[in-house]
Amino acid sequence: MNLTNFLKQTDTLTAQYSAEQLIAFIHGIGRVLPEQRREEFLEMLKSIGNKAGRMPDKNEETDIGFDEMYRRAKDNLESIDSQEIAITEILNEEYDEWYADSGEEFYYEDNSGISDMLEEACDFVHICMDRERYREGFEVGSQMLAMEILCDSEYGDEEFSLRDMARCELLNFSLRRFVLDTIYCAYHTVPPVKRPETLYGIIVNAKEDAVTLEAIMQHGDEELPAFEEFLPFWIEYLGDKTGHDADRLILEAVSLLNDISLEVPYAEKYAAVHPGLYVNILEDRKYAAANDMVSIGIKAMKAIPEKYIIRSRAALKTAEYVIASNGELPLLEKCYFAAYESDTSALNYLRALLNGSEDDKKREALQKIFMKSSVDKGGSSFGIHERSYSCSEREENRLDGNTVFLLGFLDGQFADVLDKGLNQSQALGWTGTFMKQGIALYLLYLYEGQWNGKGMAAMAEIVKSVMKFSSEEYRKGVCGLEKIGENELFCQLFLKWKSKIQMESDIRDRALKRITALLEKRTAGIMDANRRNYYGECAAYIAALGEVRESMGEINAKQRLMTSYKDKYPRRSAFRQEMRNYGWIDAK
């Protein structure tokens, strides 16, 4: 529950009770309050009666030392800002980077007393907030946040910000509290039309995620004036801003409206810049009817650009509301397809293919999405793309080469993936290629019947990892799978997919021969290079290949295959032990 919602409900409830009832309530809070918070609680109670008496005095310059503190803070900051004085960086000669030394490579000396000057200025800003001398507090605080502090080093001079000073443990005060003091003063100083720009500038400059609008609202002794008028201006200002701070601040601001009829228009207006607004509404809204949420979800899928991965989250959440409202199957399938369009992943492919109607046209439609997503700008169908705006709400749906092979395999392009994905000529250097995951995929497919054996279990784990499969993720937008364990669910889905996507017998034969040759070459390369840490990996693939052959009717194939590798490398005791771990029986 956010602060504005909490305060609204608090005001509504307290208005219903008498003074005696509220006194009894306060007494009850005091009775159960931990000892370490009792003094603070009493001070809060005292301040209620003192506020009215103090208010006039705050505006009178009864403290004759205020002007002197102001002048001193300004003079000190001018000295620091002009770089007349500096801190000194000194190399720690005992530091050893080769042995992960827990100490610091450099330490710092502050012979000019810069840290003390900054602490004094910080205290002054806090005094300004308490005494309602907001203009002076904002002026000094802004100067501190913008200044560049000279750091003298034998490797060349650097310029430190307040955050750099905190990182080097050169600040003796809370950076978060100082930033909130400055913002609180700024809010009361600048005219309303300038408030959003000013506050945003301070927050971005401070680089402090703990600074939020709620934190500002709770920081001072009294509520922020004209906050309800400020909030729409704040949202409008953030609407066309991008970046980490803009993203988190606008999500918070829109949620503080606590009115879905106001939140949805903002989400629609800024869907191209802040698609997370729609997702926030869909994922966090608890009190709207499922049918209403379906309507909002449909708007989200239309408004959010298809290229953004976050649209997939909106689509899957909408699917859950469709199920909750007993919606029509075509609409549910539309949600699954939208999820795959915007996040073209193996998990979303399986969800879209295996749920809903048994329609052959569904696979064709999914294939079109895959082909559209896999086309590389450079012209190669298997090019690798970098993801833009990584880890932000504007992260785009781009496929890397291995994902293209994986989705091609799921789409039934077995011959193409076999020829282009399992084509490494070298025995080593497979990391980052499709080789390992590709072999595991083909072995899982080639195995006849329910998976048994340690080799197949290892292949399943590899494929699950490649697909980023988890039961929690797959269940998003789907119902009725809560009681099925992750491994069982993955097995069910893979076998159901296999029943729909047939591999021709000649491709099966080619794949088996290719994998047999690749494993022989891979194992020889590992042995020749003495890569003992890969022995277990080789043993897992060899065991899985033997289990596949047995499932095809070849009697005792696993033991005979693993024994042949033991005979080929008789002096590799560690390798033999790894093969035992995957079911080989040493019949010596």
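This is a predicted model, so every value here is computed, not measured. (Residues numbered from 1 in each chain as written. Predicted model: local features only at pLDDT ≥ 70, side-chain atom pairs only at ≥ 80, totals over all residues. Heavy atoms only, no water.)

1. Topic: the environment of Ser18
Put simply, the rule is: Working definition: helices are DSSP H or I runs of at least four residues, strands are E runs of at least two. Numbering for both runs from the N terminus. Each residue is assigned to one of three classes by its accessible area relative to the maximum for its type, calculated with a 1.4 Å probe on protein chains only: buried under 20%, partly exposed between the two thresholds, exposed over 50%.
Tracing the chain through its elements places Ser18 in the loop between α1 (3–14) and α2 (19–32). For Ser18, a relative accessible area of 30% translates into the label partly exposed. A sequence separation of 240 residues divides Ser18 from Asn258, and the C-alpha atoms of the two residues are 28 Å apart.

2. With respect to unusual backbone geometry
Its identity is not glycine, yet Lys207 carries a phi of approximately 55°, on the positive side. Topologically, Lys207 is positioned in the loop between α9 (195–206) and α10 (213–217). Overall, the relative accessible area of 53% leaves Lys207 in the exposed class. The backbone phi angle of Asn326 is positive, close to 55°, even though this residue is not glycine. Within the fold, Asn326 resides in the loop between α16 (310–324) and α17 (329–342). The class for Asn326 is exposed, based on a relative accessible area of 71%.

3. Regarding the confidence of the model for the protein chain
Applied cut-off: For every residue, the predictor assigns a confidence score, pLDDT, that lies between 0 and 100. The contact rule is simple, with two residues in contact once any of their heavy atoms fall within 4.5 Å.
Confidence in the prediction for the protein chain averages 89 pLDDT; 91% of positions are at 70 or higher. Helix α3 (residues 38–58) is the least confidently modelled element of the protein chain, averaging 66 in pLDDT, while helix α22 (residues 435–446) averages 97, the highest of any element. Across residues 52–59, confidence stays below pLDDT 50; counting only partners more than four residues off in sequence or on other chains, it has 8 contacts. Confidence drops under pLDDT 50 across residues 376–390; counting only partners more than four residues distant or on other chains, this segment forms 34 contacts.

4. A few points about a negative patch on the surface
For the record, the criterion: Each patch is built from salt-bridge-free residues with over 30% relative accessible area, joining like charges within 9 Å and nonpolar side chains (Val, Leu, Ile, Met, Phe, Trp, Tyr) within 5 Å. Using the Shrake-Rupley algorithm and a 1.4 Å probe, accessible areas are obtained, with residue cover drawn only from the displayed protein chains. The term salt bridge refers to a pairing of a side-chain nitrogen on Lys or Arg with a carboxyl oxygen on Asp or Glu at a separation within 4 Å. Residues scored as charged are limited to Lys and Arg (positive) and Asp and Glu (negative), so that His and the chain ends carry no count. Note on charges: their place is set at NZ of Lys, CZ of Arg, CG of Asp or CD of Glu.
Taken together, the side chains of Glu78, Asp81, Glu84, Glu148, Asp152, Asp157, Glu158 and Glu159 define an acidic patch exposed on the protein surface. For the negative patch, the elements supplying multiple residues, two or more each, are α4 (66–81) and β4 (158–160). Mapped onto the elements, Glu159 comes out in strand β4.

5. A closer look at empty space enclosed by the protein
The method is simple in principle: a probe with the dimensions of a water molecule rolls over the atoms, and the space it marks as empty is what remains. Rules: Here a cavity denotes grid points, spaced 1 Å and computed from the protein atoms alone, that fit a 1.4 Å probe unable to get out, and a pocket denotes an open set having protein on both sides within 12 Å along at least 5 of 7 lines; residues with an atom within 4 Å of a point are the lining. Grid points are joined across faces, edges and corners, and a volume is the space filled by probe spheres set on the points. Any residue that is not Ala, Val, Leu, Ile, Met, Phe, Trp, Tyr, Cys, Pro, Asp, Glu, Lys or Arg is counted as polar, Gly included; the first ten are nonpolar and the last four charged.
Under the defined criterion, the tally for this structure stands at 1 cavity of 30 Å³ or more. The computed volume of the largest cavity comes to approximately 40 Å³. Lining the largest cavity, in full, are Trp430, Lys436, Leu519, Arg522, Glu537, Cys538 and Tyr541. Secondary structure elements with two or more residues in the lining of the largest cavity: α26 (505–528) and α27 (535–551). Ranked by residues supplied to the lining of the largest cavity, first place goes to α27 with 3 residues. Residues belonging to the lining of the largest cavity are distributed by class as follows: 4 nonpolar, no polar and 3 charged.

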